[in-house]
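Architecture and fold: a report
Now for the letters of each chain:
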Amino acid sequence: MNTHSKYIAKIPDAAGLIDYTPEENSVWHDLFERQQQIIANRGSSEFLHGVKLLDMSATRIPQIPEMNAVLKRCTGWQVEPVAALISNELFFNLLANKKFPAATFIRRREELDYLQEPDIFHEFFGHCPMLTEQHYADFTQNYAIKTLEAAPEDRPYLARLYWFTVEFGLVQTLNGLRVYGGGILSSKEETIYSIESPIPARLPFGNGLDALRTPYRIDILQPVYYVLESYGDLFNIMNKDLFGLIHQAQDLGDFEPRFEASDTELYPC
Ligand SMILES: [Fe+2]
């Protein structure tokens, strides 16, 4: 997790509402419009269904109570407003209690295409649609519970699991390869690249062992994606011996990184 941010999250009022400026709503508008145009044949059907359920529009940044009303009805999840940066402990504790942490700031226009910190567009547009789907929502909660139970030396492997699923996961469907990872779906460039570019490797997720052995960097287009055969793969990894699988990954060792060395393999948000 980053140790500093140049952004400051906005504080909701007593009704849970946030007063975004016209410029902030305008940034949301532009992000939303262009992403809507590219997700139709690239986002998974569960994601696209979630976008419809949440009824977000380009007009303005959605308010948390609006998102919560839908999430509560679908899966019992809620969005929890948090500071721009929070501790790993708080992050996983919130997820374990079906609260999705969302830093309530939006990127500046000069960072429209990429910023390292997860902003409200990443959280609302990238992640919340999938949280309307029960199996996926359960996976996220179980993941957090297991992370809180994990020994410190096992946690980086759990971070890889989150990275290659919740953030950068692809799924095979009858209509072809589709995206369900929020890190991809909140990025115009990576949504197209992950599905259509000949550059990255797209490997089967299988039982998850290979993903656990794969280093990643948070600040580049991903050189490798893991593809679910179905969301049942996520159910399987949570309901089998996950820590046994992690120990197997530790014994076998990491795969050679497909990128230049960096210190940016960090806990995701
Ligand atoms: Fe994220």
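Summary of the structure given here. This is a predicted model, so every value here is computed, not measured.

Reading guide: rules and limits
- Residues numbered from 1 in each chain as written.
- Predicted model: local features only at pLDDT ≥ 70, side-chain atom pairs only at ≥ 80, totals over all residues.
- Helix = DSSP H or I, 4+ residues; strand = E, 2+ residues; numbered from the N terminus.
- Buried ≥ 20, exposed ≤ 12 C-beta atoms within 10 Å, placed from the backbone.
- Contact = placed C-beta atoms within 7 Å.
- Pairing = 2+ DSSP bridges.
- Axes fitted to C-alpha atoms, helices over the stretch in contact; angles between N-to-C directions.
- Parallel < 35°, antiparallel > 145°, perpendicular 65-115°, else oblique.
- Left-handed = near helix turned anticlockwise from the far one by under 90°.
- Core = buried A, V, L, I, M, F, W, Y, C linked by C-beta atoms within 7 Å.
- Nonpolar A, V, L, I, M, F, W, Y, C, P; charged D, E, K, R; others polar.

**Describing the overall build of the protein chain**
On a plain count of helices and strands, the protein chain comes out with twelve helices and six strands. With the C-alpha coordinates of the protein chain rotated into their principal frame, the extents come out at 50 × 40 × 35 Å. Relative to its full complement of 269 residues, the protein chain shows a buried share of 39%. Partitioning the contacts of the protein chain with sequence separation of at least 6, the portion at a separation of at least 24 is 69%.

**Focus: the sheet that holds strand 4 (residues 176-179)**
Pairing in this open sheet of four strands is mixed, and the strands run 4-3-6-5 from one edge to the other. Strands with a single pairing partner mark the edges of an open sheet, and in this sheet they are strand 4 and strand 5 (201-204). Strand-to-strand, the axes of this sheet are offset by a mean angle of 35°, without reference to chain direction. Here strand 5 runs beside strand 6 (residues 224-228); their pairing, made up of four bridges, is parallel. For Leu203, the partnering residue across the bridge sits in strand 6 and is Tyr226. Across the sheet, helix 9 (residues 188-196) touches strand 3 (170-173), strand 4 and strand 6, and the angle it forms with strand 4 is around 155°.

**As for the packing of helix 4 (residues 88-96) against helix 6 (residues 134-149)**
Where helix 4 contacts helix 6, the axes come no closer than 7 Å and their chain directions differ by 135°. Our classification of the angle between helix 4 and helix 6 gives oblique. For helix 4 against helix 6, the interelement crossing comes out left-handed. Facing Phe92, Asn93, Leu95 and Ala96 of helix 4, the residues of helix 6 in contact are Thr140, Gln141, Ala144, Ile145, Thr147 and Leu148.

**Side note on the pairing of strand 4**
Of the strand pairs in this sheet, strand 3 and strand 4 are connected by four bridges, and their pairing is antiparallel. Following the sheet pairing, Gln172 is matched in strand 4 by Leu177. Where strand 3 hands over to strand 4, the hairpin turn is made up of two residues, counted between the paired strands.

**Here's the deal with the environment of Lys188**
By the secondary structure assignment, Lys188 is in helix 9. Spatially, the C-alpha atoms of Lys188 and Leu31 are 8.5 Å apart, while their sequence positions differ by 157 residues. Those residues in contact with Lys188 that lie beyond four places of it in its chain are Arg34, Gln35, Ile38 and Asp113.

**Concerning the environment of Lys52**
Following the sequence through the fold, Lys52 ends up in helix 2 (residues 45-54). A sequence separation of 77 residues divides Lys52 from Pro129, and the C-alpha atoms of the two residues are 8.2 Å apart.

**Here we look at the nonpolar core**
Nonpolar side chains tend to gather and get buried jointly when the protein is soluble and globular. In terms of nonpolar packing, the biggest core is built from 63 residues, with Met67, Ile120, Phe124, Cys128 and Leu161 touching the most fellow members. Considering each element in turn, this core owes the most residues, eight residues, to helix 7 (residues 155-167). Here Ile120 is in contact with Ile61, Ala102, Ala103, Thr104, Phe105 and Ile106, once residues within four sequence places are set aside.

**A look at the packing of helix 6 against helix 11 (residues 232-239)**
Packing of helix 6 against helix 11 leaves a shortest axis separation of 10 Å and a crossing angle of 30°. Compared by their axis directions, helix 6 and helix 11 come out roughly parallel. When the axes of helix 6 and helix 11 are compared, the crossing they make is left-handed. Seen from helix 6, the contacting residues are His135, Phe139, Asn142 and Tyr143; seen from helix 11, they are Leu234, Phe235 and Met238. The class makeup of the residues in the contact of helix 6 with helix 11 is five nonpolar, two polar and no charged.

**Some thoughts on unusual backbone geometry**
Phi is positive for Asp55, which is not a glycine, with a value near 55°. Residue position: Asp55 is located in the loop between helix 2 and helix 3 (64-74). Judged by local crowding, Asp55 falls into the exposed class, with 11 C-beta atoms found within 10 Å. Of note, the phi angle at Lys98 is positive, near 60°, even though the residue is not glycine. In this structure, Lys98 sits in the loop between helix 4 and strand 2 (99-103).

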